[in-house]
Amino acid sequence: MLRYLNAGESHGKGLMAVLEGVPAGLPLTAECIDVDLIRRQGGYGRGGRMRIEKDRIEFICGVRKGVTLGNPLGLMVWNKDWENWKDIMSSEPGPPSAERVVTRPRPGHADLVGAIKYGHRDIRNVLEKASARETAIRVAIGGVAKALLAQFNMQVVSYTVDIGGVSVPSPDNPLEAYQLAEESDVRCHDPEIAAKMVELIRSAKRKGDSLGGVFEVVVTNPPIGLGTYAQWDRRLTARLAMAAMSIQAMKGVEIGMGFESARRFGSQVHDDIYFDKERNEFVRKTNNAGGLEGGITNGQPIVLRVAMKPIATLYTPKDSVDIATKEPFEATVERSDICTVPAAGVVGEAVIAFEMANAMIEKFGGDTVEEMKRNFEAYQQYVRTF
Ligand code: EPS
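Okay, so let's go over this structure.

Reading the values: rules and limits
Residues numbered from 1 in each chain as written. Predicted model: local features only at pLDDT ≥ 70, side-chain atom pairs only at ≥ 80, totals over all residues. Heavy atoms only, no water. Helix = DSSP H or I, 4+ residues; strand = E, 2+ residues; numbered from the N terminus. Buried < 20%, exposed > 50% of the residue type's maximum accessible area, 1.4 Å probe, protein only. Polar contact = N/O pair within 3.5 Å; in protein donor to acceptor, adjacent residues only side chain to side chain. Near = heavy atom within 4 Å. Areas by Shrake-Rupley, 256 points an atom, 1.4 Å probe, with all protein chains shown as cover. Nonpolar A, V, L, I, M, F, W, Y, C, P; charged D, E, K, R; others polar. Contact = heavy atoms within 4.5 Å. Axes fitted to C-alpha atoms, helices over the stretch in contact; angles between N-to-C directions. Parallel < 35°, antiparallel > 145°, perpendicular 65-115°, else oblique. Pairing = 2+ DSSP bridges.

1. A word on unusual backbone geometry
Part 1 of the reasoning: The phi dihedral of asparagine 153 falls on the positive side, at around 65°, and the residue is not glycine.
Part 2 of the reasoning: Positionally, asparagine 153 belongs in the loop between helix H5 (135-150) and strand S7 (155-163).
Part 3 of the reasoning: By relative accessible area, which is 58% here, asparagine 153 ends up exposed.
Part 4 of the reasoning: If you check the backbone angles, asparagine 221 has positive phi at about 65° while not being a glycine.
Part 5 of the reasoning: Mapped onto the elements of the fold, asparagine 221 is located in the loop between strand S9 (213-220) and helix H8 (236-245).

Next up, the structure:
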């Protein structure tokens with residue numbers, strides 16, 4: 001089983017993770033992880049912090065000469081901004097820092113509830129870990145998972161389908177959409193819609209507002225039979241939904257036809273089953289199920305749409321109360337992003353890749369990638385002759 005723990009404050013020294021369960025013999029370089037770290041930093045609507053950071057992975061352990069050892073991986077992303085926060089965030093004993101104290105909770109953020117829960121009078125102690133800065137290390141972990149999935153010819157891609165209500169329908173060809181989206185500032189495959197999205201973000205910026213949206217994540221080429229209906233918490237549908245909802249600011253997730261399927265007759269929803277005698281396999285002409293039936297992969301691409309609320313830090317803030325004075329407060333402007341839906345798609349890929357890699361390891365086991373491949377090939381052969 002793959003598992004990880006991560007740690008790190010947004011303006012601390014860096015973000016770290018220990019990832020256990022990666023089979024030995026997986027080719028892995030910093031470059032293949034950095035690609036996604038760079039993608040996560042991009043997108044129209046990002047704020048000032050991304051001009052400071054240049055996120056790169058450092059393997060502390062578990063990889064030797066570009067190949068995993070089967071040991072836990074130690075992963076590190078250093079924060080460049082730490083240089084500006086050394087004293088404020090210092091772990092040395094001393095009086096609380098008087099600088100950058102936060103007493104004004106942002107509606108929609110973890111600020112107020114976190115402060116009450118943990119007894120913090122300085123909300124900085126909450127926002128440092130609640131911050132979406134944490135997603136950098138999760139993207140790194142997702143990079144390892146993607147490398148493992150690639151050994152089985154599986155890819156995890158994403159693109160933006162909605163920003164603030166400017167939307168584009170789900171594309172017929174996700175891989176093509178993904179390629180086009182990679183060229184777009186908002187990671188949307190339709191250039192006309194992308195331009196409208198940029199314009200909306202620009203107008204939100206002018207008004208001191210923020211925007212959310214929806215991104216779609218697609219897993220290509222999954223084998224039939226990952227996950228199970230046999231126990232509630234092993235349903236892959238549930239695990240993928242939890243992974244998606246574990247990303248900061250996510251408020252909804254749909255699989256396949258999702259909420260729309262609730263509005264239709266069964267005959268309009270369920271994907272007919274055919275048998276292709278030439279290819280010797282069961283096929284579907286539609287994929288309304290989004291690749292999952294009974295919590296199990298059915299061999300069709302997995303399709304998820306994830307809804308992100310607008311960023312909680314507004315340049316024109318909502319009503320709130322200072323926790324020190326209990327008085328309503330006037331605007332204080334904190335550095336923030338306007339819209340991070342394009343970046344959130346990259347994070348979505350990472351968390352879904354992690355769950356998929358885990359499901360692959362569960363089914364095909366193996367201490368080594370070689371062993372996993374043998375088990376995988378034997379199983380695929382079985383499926384072809386079922
Ligand atoms: C982020 C880093 C943060 C924010 C953002 C995500 O940097 P800073 O707080 O120093 O500007 O840009 O975090 C949030 C939007 C949030 O609400 O916490 C990053 O690396 O992605």
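2. Section: the side chain of threonine 297
Part 1 of the reasoning: Along the chain, threonine 297 falls in strand S14 (residues 296-297).
Part 2 of the reasoning: Given a relative accessible area of 2%, threonine 297 falls into the buried group.
Part 3 of the reasoning: Polar contacts involving the side chain of threonine 297 include one to the main-chain carbonyl oxygen of proline 223, which spans 2.7 Å.
Part 4 of the reasoning: Polar contacts involving the side chain of threonine 297 include one to the main-chain amide nitrogen of leucine 226, which spans 2.7 Å.

3. A look at the site of the ligand
Part 1 of the reasoning: Surveying the vicinity of the ligand reveals the residues His11, Arg40, Arg46, Arg49, Met50, His109, Ser131, Ala132, Arg133, Ile311, Arg335 and Asp337.
Part 2 of the reasoning: A distance of 3.2 Å separates an oxygen atom of the ligand from a polar side-chain atom of arginine 46.
Part 3 of the reasoning: Measuring from an oxygen atom of the ligand, one finds a side-chain N or O atom of arginine 335 at 2.6 Å.
Part 4 of the reasoning: Relative to its unbound accessible surface of 470 Å², the ligand loses 89% to contact with the protein.
Part 5 of the reasoning: Class assignment of the residues belonging to the shell around the ligand gives a composition of 3 nonpolar, 3 polar and 6 charged.

4. A word on the environment of phenylalanine 59
Part 1 of the reasoning: If you trace the backbone, phenylalanine 59 turns up in strand S3 (residues 57-61).
Part 2 of the reasoning: The class of phenylalanine 59 is partly exposed, set by a relative accessible area of 21%.
Part 3 of the reasoning: As a C-alpha pair, phenylalanine 59 and glycine 74 span 15 residues in sequence and 5.9 Å in three-dimensional space.
Part 4 of the reasoning: Setting aside residues up to four positions removed in sequence, phenylalanine 59 forms contacts with Leu28, Thr29, Ala30, Ile33, Gly74 and Leu75.

5. Quick word on the packing of helix H9 (residues 341-364) against helix H10 (residues 369-384)
Part 1 of the reasoning: It is the contact of H9 with H10, at a shortest axis distance of 9 Å, that shows an interaxial angle of 80°. In terms of their interaxial angle, H9 and H10 are classed as roughly perpendicular. Touching Met360, Ile361, Lys363 and Phe364 of H9 are Met372, Asn375, Phe376 and Tyr379, all from H10.
Part 2 of the reasoning: Residues of the contact of H9 with H10, tallied by class, amount to 6 nonpolar, 1 polar and 1 charged.

6. Remarks on the sheet that holds S3
Strand pairing in a sheet relies on backbone hydrogen bonds, with the paired strands running either antiparallel or parallel.
Part 1 of the reasoning: Spatially, the 4 strands line up as an open sheet ordered S1-S2-S6-S3, and their pairing is antiparallel. Every interior strand has two partners, whereas the edge strands, strand S1 (3-7) and S3, have only one. Direction aside, neighbouring strands of the sheet carry axes that sit 20° apart on average.
Part 2 of the reasoning: By the bridge criterion, 5 bridges tie S1 to strand S2 (residues 14-20) in an arrangement that is antiparallel. By the bridge assignment for S2, alanine 7 is matched with methionine 16.
Part 3 of the reasoning: Seen against the sheet, H5 touches S1, S2, S3 and strand S6 (73-78) and runs at an angle of roughly 30° to S2.

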